[in-house]
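# Reading the structure
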Amino acid sequence: MLPPFRSNRERESLFKAERKARSHDFPLLSPFAFTRFFSCSLFIFLCIFEIWNSLFLFFCSAFEVLLLLLVVMTPPIETPNKSLNSHQPHPPLNERILSSLSRRSVAAHPWHDLEIGPGAPTIFNCVVEIGRGSKVKYELDKKTGLIKVDRILYSSVVYPHNYGFIPRTLCEDSDPLDVLVLMQEPVLPGCFLRAKAIGLMPMIDQGEKDDKIIAVCADDPEYRHYTDIKELPPHRLAEIRRFFEDYKKNENKEVAVNDFLPASTAYEAIQHSMDLYATYIVEGLRR
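Procedures and definitions
Residues numbered from 1 in each chain as written. Predicted model: local features only at pLDDT ≥ 70, side-chain atom pairs only at ≥ 80, totals over all residues. Heavy atoms only, no water. Helix = DSSP H or I, 4+ residues; strand = E, 2+ residues; numbered from the N terminus. Buried < 20%, exposed > 50% of the residue type's maximum accessible area, 1.4 Å probe, protein only. Contact = heavy atoms within 4.5 Å. Areas by Shrake-Rupley, 256 points an atom, 1.4 Å probe, with all protein chains shown as cover. Pairing = 2+ DSSP bridges. Axes fitted to C-alpha atoms, helices over the stretch in contact; angles between N-to-C directions.

In this section: the overall build of the protein chain. Scanning the protein chain from N- to C-terminus turns up six helices and ten strands. Classification of the 287 residues of the protein chain by burial places 35% in the buried group. When contacts within the protein chain are restricted to residue pairs at least 6 apart in sequence, those whose partners lie at least 24 apart make up 68%. Accessible area for the protein chain stands at about 19400 Å²; split by element, carbon and sulfur atoms hold 61% of it.

What follows concerns the sheet that holds strand β6 (residues 192–201). Strand order in the closed barrel made by the five strands is β1-β4-β5-β9-β6, with mixed pairing throughout. Recorded for the sheet is a direction-independent mean angle of 55° between the axes of neighbouring strands. As defined by bridge partners, strand β4 (residues 162–165) adjoins strand β5 (residues 178–182) across four bridges and the pair is classed as antiparallel. Note that in β5 the partner of Y163 across the bridge is L180. Contacts from helix α5 (residues 234–246) reach β4, β5, β6 and β9 (212–217) within the one sheet, and its direction differs from that of β5 by about 140°. Contacting β1 (123–130), β6 and β9, helix α6 (residues 263–286) crosses the sheet at an angle of about 120° to β6.

Without other data, these values stay purely geometric and don't point to any function.
Take a look at the structure:
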């Protein structure tokens, strides 16, 4: 059946009615749909904000790392060394003492870093260079602080007791003060122990003064009760004297040993060597 004929006015009225009806086909969103839409929008916004915040923190961290690398890799500014321009020579004695202070190759130097002890000059620390019964002449290497082998004794003798030096002391021969420690057992080279001075052995080695402190181990129950060298058996003193008189004979070197002196003289010698060490160190540091 054919649709009825409509005039232009009828068509226009019909079109407006249809448009008005269609506008009522889309009602407002329900509360549930609006809440869901708002939640999704808020979630998307938070995700975008979190991503932006993460990127910001990443770039800040990268910038800090870059600055740190620039600081580490930048070479230090070299300042001119005024000491190179000075032409004032140091005394040979100061050079020998301070050489181990300026060019350190080990963690600690037994001559300069080991304290002499609060009981000095009566009781003091002693660094053992040569153990009792040894024919090897060990001695301190002043540059490195290590114990080196100087030579093997030329004569058929061995050291009668442990032999070493007193740290932070200085004698006229530019070496630390030597000490012979009487005790029961030999001690390994490089170890240090507490010793108690009981006397002094005056000695002249090739025309130069080279006195030795005679001491006992302060922690040896057999020897620690000795307080003066006169308490030792005479034969023990004779053995010590004969060793130092003979141990360089096959090297054609002359050594003279004088009479042993009491403990009071040993205290004075130790105190004098302590004062001499302090004087030269202070003068060297001032220069």
